[in-house]
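Analysis of the macromolecular model
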Amino acid sequence: MSAMCDNNRHRVSAAVVVLALIVACIAYARRVEWWTVLAAIRQTAPAGLALAFALHALALVAKAGVWWIYLRALGAPAFAAVVRITFVGAALNSLTIANAGEAGRVMLISRASGIHAPGALATVVLEHLIRTTGLVIFVVAAALLTRLPLPHDRAGIAVVSVVGGAAALLGSRGIRRLRGRGVAGHRSLAWRRSPRVVRAARVFVARTLASVRRIVTLERLALTAPLTLAVWMCELGSYHAVARAAQLPLSLTGSLMALLAVNLGFVLRATPANVGVFELSYVAAAAAQGAPP
């Protein structure tokens, strides 16, 4: 009964958050002078947009490279196939909500390479973790090397770093606990009496954790670090190229803050491709630095 109440509470909370995001986007959209926006779009430089598109494509290729390095620990899928599936996953994320493209990547790479689904899921999770860690390091490095155009920027970055470190620590502790319970759980009486779906889920989690142990090595982390840096440099270049093409008075650090704001908005994908939330996050970050809304 308590579990059912908790599930209902989580559903209601998620619905409230999604509704609040939609209301905020609609309220902001009503204040936009759309004819001015269309005029600005018509004046945008096509060459700048083409450069932004190329940089974004390069970021996806680098992302595929990170994923491919982890996949090689479980098999030998062709790099070209991994790149194609990465682009398909990005397209699915642009058409669906809740990062459904990541589930599509797991399914497609499993069928294409024969890697079992738990192992494929482990590679996608690790790729996300290394990419998120790379973004935090990228922003912290920018805060130390430049003056971010926000008040108390270094303090804010320090808080984000502490929170991210605490989350990583708690996550690692949770993984260690799951590892310790994985084998013993298979043999317990509660395991035998549990419903089939629960047993299948536990087996899937145990296999996924076993794949994580097999994949994670210092050598692979060292190989993926420069590729992860390349992902974020290409994404930053893509954002800045769009800002320049649209003649927005944003510095490179301003585009970095916009990139950070947008990716924080991606934590909860409330709409397909996060339409509305994406634009609101970018506008809030850019307008705070002097760009016309």
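Please refer to the structure placed before this passage.
Residues numbered from 1 in each chain as written. Predicted model: local features only at pLDDT ≥ 70, side-chain atom pairs only at ≥ 80, totals over all residues. Heavy atoms only, no water.

1. Thoughts on the packing of helix 4 (residues 79-93) against helix 5 (residues 100-113)
Viewed as axis vectors pointing N to C, helix 4 and helix 5 meet at an angle of 150°, and their least axial separation amounts to 8 Å. The orientation of helix 4 with respect to helix 5, classified from their angle, is roughly antiparallel. The crossing of helix 4 and helix 5 is right-handed. Taking contact as the criterion, the partners of Val-82, Ile-85, Thr-86, Val-88, Gly-89, Leu-92 and Asn-93 in helix 4 are, on helix 5, Ala-100, Gly-101, Glu-102, Gly-104, Arg-105, Leu-108, Ile-109 and Ala-112. Residue composition of the contact of helix 4 with helix 5, grouped by class: 8 nonpolar, 5 polar and 2 charged. (Axes fitted to C-alpha atoms, helices over the stretch in contact; angles between N-to-C directions. Helix = DSSP H or I, 4+ residues; strand = E, 2+ residues; numbered from the N terminus. Parallel < 35°, antiparallel > 145°, perpendicular 65-115°, else oblique. Left-handed = near helix turned anticlockwise from the far one by under 90°. Contact = heavy atoms within 4.5 Å. Nonpolar A, V, L, I, M, F, W, Y, C, P; charged D, E, K, R; others polar.)

2. A closer look at the side chain of Glu-235
Along the chain, the position of Glu-235 falls in helix 10 (residues 218-245). For Glu-235, the residues in contact, after removing those within four places along its chain, are His-56, Ala-59 and Leu-259.

3. Brief notes about the environment of Leu-229
Here Leu-229 lies in helix 10. Overall, the relative accessible area of 42% leaves Leu-229 in the partly exposed class. Sequence separation between Leu-229 and Arg-131 is 98 residues, and the spatial gap between their C-alpha atoms is 8.4 Å. (Buried < 20%, exposed > 50% of the residue type's maximum accessible area, 1.4 Å probe, protein only.)

4. Points about the pattern of salt bridges
When the charged atoms of two side chains with opposite charge come close together, those side chains can pair. Under the definition given, this model contains 3 salt bridges. The shortest N-O distance in the salt bridge between Arg-105 and Glu-102 comes to 2.5 Å. Of this pair, Arg-105 and Glu-102 both sit in helix 5, 3 residues apart, which is roughly one turn of that helix. Where Arg-131 meets Glu-127, a salt bridge forms, and the shortest distance between an N and an O atom there is 2.7 Å. Here the residue Arg-131 and the residue Glu-127 both occupy positions in helix 6 (residues 117-145), the gap between them amounting to 4 residues, near one helical turn. Taken as a pair, Arg-131 and Glu-127 share a single burial class, namely buried. The network of salt bridges with common partners includes Glu-102, Arg-105, Glu-127 and Arg-131. (Salt bridge = Lys/Arg side-chain N within 4 Å of Asp/Glu carboxyl O.)

5. Comments concerning the packing of aromatic side chains
One pass over the full model with this rule turns up 2 aromatic pairs. Ring plane angle 70° and centroid distance 5.5 Å describe the contact between Trp-68 and Phe-79, whose orientation is recorded as edge-to-face. With Trp-68 in helix 3 (residues 46-71) and Phe-79 in helix 4, the pair connects residues that are 11 residues apart, well separated along the chain. A ring pair is formed by Tyr-239 and Tyr-282, whose centres lie 6.2 Å apart and whose planes are at 45°; its orientation type is tilted. Of this pair, Tyr-239 sits in helix 10 while Tyr-282 sits in helix 12 (residues 277-287), and the two are 43 residues apart along the sequence. (Phe/Tyr/Trp six-rings, centres within 6.5 Å; stacked < 30°, edge-to-face > 60°.)

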